[in-house]
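# Structural overview for review
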Amino acid sequence: MASGPAASRTCPANGDNAPGRASGPGMSRRYRYESESDVGPAVKSLALCSRDEAERAASLEELSRRVLACLGAERPGSAKLSKQTLLHLLLLSRSCPLPEVRERATELLRTAQEQGVKVPRVLSSGPSAFIPANEMLNEVADQDVLTESFLSLGRMDHITMVMAMHPAYLSCFLRTQHALLEMDGPLPHHWRHYIAVMAAARHHCSYLVQQHSAGFLDAGGEESWLSGLQQAPTKLRSLQTLNKLLAHRPWLITQRHVQELVCPGAEPRWSLAELIHAVILMAHAHSLCSFGWGCGLNPEPDHIGGYTFELPSPSHFPRRPHSPHGLTHEEARHESGEGAMEVEVLMQRMVELQQQQEEECTQEEMVTRFERERSESIPTTVVREAPPDLVLRLVEEPEFRYEDFAPKGEQSPPTMRAQDYSWEDHGFSLVNRLLPDMGQLLDEKFQVVSNLTYHRMAMHEGVDTRTLRKALWNYIHCLYGIRYDDYDYGSVNVLLERSLKVFVKTMACHPEQTTARVYHAFWRHFRHSEKVHANLIVMEARLQAALLYTLRAITHYMR
């Protein structure tokens with residue numbers, strides 16, 4: 001996650017001061033490793049992300065001096081440089097957008113290797129297992145957004161690199177996330193990261209669990225909390241019911257769940273401001289899991305699973321983004337032709353729908369079309385390997401998963417009518433009241449992703465994509481049982497092909513089951529940036545849906 005705490009790890013000279021960390025059992029394993037071995041320069045204390053070029057250049061020279069001094073010390077093998085220093089150099093060499101920093105880190109690793117130090121290498125060829133790295137860079141129109149993100153955050157993570165395909169969205173995403181994790185608020189900073197860890201674990205997202213675990217430790221958190229939920233304070237553990245419902249079935253959240261946490265006599269008691277902060281953090285992390293799985297994010301170079309110190313075998317080839325199906329040349333040509341035809345058909349359907357907007361439909365027919373859409377059977381179950389222990393030990397009731405809002409043959413919960421409780425008329429003001437400015441930040445993000453367009457679709461330019469974007473957003477809300485009285489859900493079936501519905505439902509409802517095949521099966525002739533755009537819509541629509549159910553429950557409690 002592009003989380004602000006990385007800045008305090010890398011460049012406190014920019015003004016972000018990490019809380020002090022006492023020595024003893026609570027000190028993180030990473031810092032014990034470096035202090036016990038007493039080797040390795042304090043790389044992360046250097047101002048490599050300073051906005052002052054002279055200061056940055058001086059820091060780069062200081063980095064080189066310290067590393068070379070360690071290499072020159074009379075110590076055997078890899079003890080000359082700590083593991084964390086080597087991993088940080090690897091991270092800079094792979095993802096820093098500043099060429100002088102990237103090249104120097106690469107050079108220092110090469111020098112270390114030449115002197116007999118076992119240096120790490122990355123296990124993936126780019127940020128995404130689905131999107132080739134060169135294509136991703138080609139589709140980032142504004143390279144400056146990457147530099148700005150590095151200077152602000154102190155690192156360039158895979159989420160930021162993928163989102164940089166849409167710089168307008170990335171800017172508001174980073175502002176919102178910074179406010180949630182770093183700005184003044186009712187929750188302690190290390191609690192914020194731990195809540196995000198709890199939320200990410202529900203979707204088996206080791207990527208976010210590792211990112212926020214690092215942020216948690218850097219903010220002064222006790223390492224023992226990461227060994228299992230039973231080690232965390234009772235107050236944090238009391239969020240587990242809300243966490244699992246928000247992640248998998250938010251329509252089941254009621255006033256009672258809020259009352260159990262905030263009413264007088266609740267032990268431990270949450271204030272409404274604390275609760276709303278925690279709820280937004282959880283929903284934010286859940287939806288970001290959807291984005292991470294939906295884009296096939298690879299582990300960061302310094303994450304478990306992202307690097308190895310072993311030399312490649314003679315048969316080793318770097319992991320490459322998955323091809324759609326491993327097709328033969330003839331099959332690929334046939335599929336390419338089919339994909340082009342799909343684009344033409346979709347374009348025609350969009351034009352026809354825009355022309356039919358004047359036609360009116362009875363309210364009964366509108367409700368019928370909504371019910372038909374939400375009860376449609378879209379099979380998405382995929383067998384995945386078991387999540388790693390670092391995730392499972394942070395999940396209670398792992399068997400509690402997503403279930404369809406309206407399973408066939410069963411009584412479904414009441415539909416939430418957007419006219420009765422909406423973000424614009426109800427949720428926005430409640431959030432701003434309990435957590436000042438957060439409502440505004442979330443609203444800006446919702447607006448940007450809803451209106452984001454480049455007026456193109458696949459190979460066509462000058463295209464009005466409003467109907468397609470609206471169909472995506474409303475389909476996700478439909479999956480979550482939210483109905484708009486003034487929307488004709490017949491449009492969803494017209495515009496969203498079945499393979500796209502499979503992708504959207506998988507990503508929105510159980511993202512940990514997203515695979516390369518599911519990603520490549522839809523919009524086969526579209527750019528990767530357009531698929532990432534669809535991911536952003538799914539992520540934000542899911543976030544808003546989960547928030548609406550919880551905010552409605554809080555509103556009922558406050559009456």
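Each value, and the rule that gives it
- Sequence order sets the numbering: in each chain, residues are counted from 1 along the sequence as written.
- Predicted model: local features are reported for residues with pLDDT of at least 70 only, side-chain atom pairs are reported and counted for 80 or more only, and whole-chain, interface and lining totals are derived from all residues.
- Neither water nor hydrogens contribute to the side-chain values; these are computed over all heavy atoms in the structure.
- A run of H or I in DSSP becomes a helix once it reaches four residues, and a run of E becomes a strand once it reaches two; helices and strands are each numbered from the N terminus.
- Helix span, expected: 1.5 Å multiplied by one less than the number of residues in the helix.
- Think of it in three bands: residues with accessible area under 20% of the maximum for their type are buried, residues over 50% are exposed, and the middle band is partly exposed, with areas taken using a 1.4 Å probe on protein chains only.
- Criterion for a salt bridge: a side-chain nitrogen of Lys or Arg within 4 Å of a carboxyl oxygen of Asp or Glu.
- As a per-residue quantity, pLDDT reports the predictor's confidence and falls between 0 and 100.
- Should any heavy atoms of two residues lie within 4.5 Å, those residues are considered in contact.
- Put simply, buried Ala, Val, Leu, Ile, Met, Phe, Trp, Tyr and Cys residues joined by side-chain atoms within 4.5 Å make one nonpolar core.
- Helix axes are fitted to C-alpha atoms over the stretch in contact, other axes to C-alpha atoms as well, and angles between N-to-C directions run from 0 to 180 degrees.
- Should an angle lie under 35 degrees it is considered roughly parallel, over 145 roughly antiparallel, and from 65 to 115 roughly perpendicular; all remaining angles are considered oblique.
- By definition, turning the near helix anticlockwise from the far helix through less than a right angle yields a left-handed crossing, and turning it clockwise yields a right-handed one.
- For this scheme, ten residues count as nonpolar: Ala, Val, Leu, Ile, Met, Phe, Trp, Tyr, Cys and Pro. Four count as charged, namely Asp, Glu, Lys and Arg, and the remainder, Gly too, count as polar.
- Directions are taken from the helix axis to each C-beta atom, and the arc is the one they span.

### Description of helix 10 (residues 189-202)
The terminal C-alpha atoms of helix 10, which comprises 14 residues, lie 21 Å apart, in line with the 20 Å expected from a rise of 1.5 Å per residue. Counting buried positions along helix 10 gives 13 out of 14 residues, so the element sits mostly inside the fold. Just downstream of helix 10, His204 is the residue with a positive phi angle, here 55°.

### As for the pattern of salt bridges
Applying the stated criterion to the full structure yields 19 salt bridges. With its nearest N and O atoms 3.0 Å apart, the salt bridge here joins Lys235 to Glu274. You can see Lys235 sitting in helix 12 (residues 234-237) and its partner Glu274 sitting in helix 15 (residues 272-294), a full 39 residues away along the chain. You'll find Lys235 and Glu274 in the same group, each marked buried. Residues Asp420 and Arg417 are paired through a salt bridge, measuring 2.9 Å at the closest nitrogen-oxygen approach. With relative accessibility at 28%, the residue Arg417 sits in the partly exposed group. Taken together, the salt bridges that share partners define one network made up of Arg417, Asp420, Arg483 and Asp485.

### A few points about the confidence of the model for the protein
Looking at the protein as a whole, its pLDDT mean stands at 82, while 78% of the residues score no less than 70. pLDDT under 50 marks residues 1-43. Its contacts with residues more than four places away, or in other chains, come to 113 contacts. Across residues 314-337 the pLDDT falls below 50, and counting only partners more than four positions away or on other chains, this stretch makes 26 contacts in the model.

### Quick look at the environment of Met163
Along the polypeptide, Met163 turns up in helix 8 (residues 158-163). C-alpha separation for the pair Met163 and Leu536, spaced 373 residues apart in sequence, amounts to 8.5 Å. Contacts of Met163, omitting those with residues within four sequence positions, involve Tyr169, Leu170, Phe173, Leu288, Phe291, Leu536 and Met539.

### Considerations on the nonpolar core
Counting residues in hydrophobic clusters, the biggest one holds 166 residues, and the most contacted among them are Met163, Tyr194, Leu239, Trp270 and Phe291. Ranked by the residues each element gives to this core, the list is headed by helix 25 (residues 528-558), at 16 residues. Discounting chain neighbours no more than four positions away, the residues touching Trp270 are Leu187, Trp191, Lys235, Leu236, Ser238, Leu239, Leu261, Val262, Leu275 and Ala278.

### Section: the packing of helix 10 against helix 13 (residues 240-248)
At a closest axis distance of 10 Å, the pairing of helix 10 and helix 13 adopts a crossing angle of 50°. Comparing their axes, helix 13 and helix 10 come out oblique. Classified by chirality, the crossing of helix 13 by helix 10 is right-handed. Contacts between helix 10 and helix 13 involve Met198, Ala199 and Arg202 on the former and, on the latter, Gln240, Asn243, Lys244, Ala247 and His248. Class assignment of the residues belonging to the contact of helix 10 with helix 13 gives a composition of 3 nonpolar, 3 polar and 2 charged.

### Observations concerning helix 14 (residues 255-262)
For an α-helix, 3.6 residues make a turn, and residues three or four places apart therefore share a direction. Buried residues of helix 14: His257, Val258, Leu261 and Val262, and no others. Down the axis, helix 14 shows its buried residues gathered within 110° of arc, on one side only. Here the buried face of helix 14 lies against helix 13, helix 15 and helix 25.

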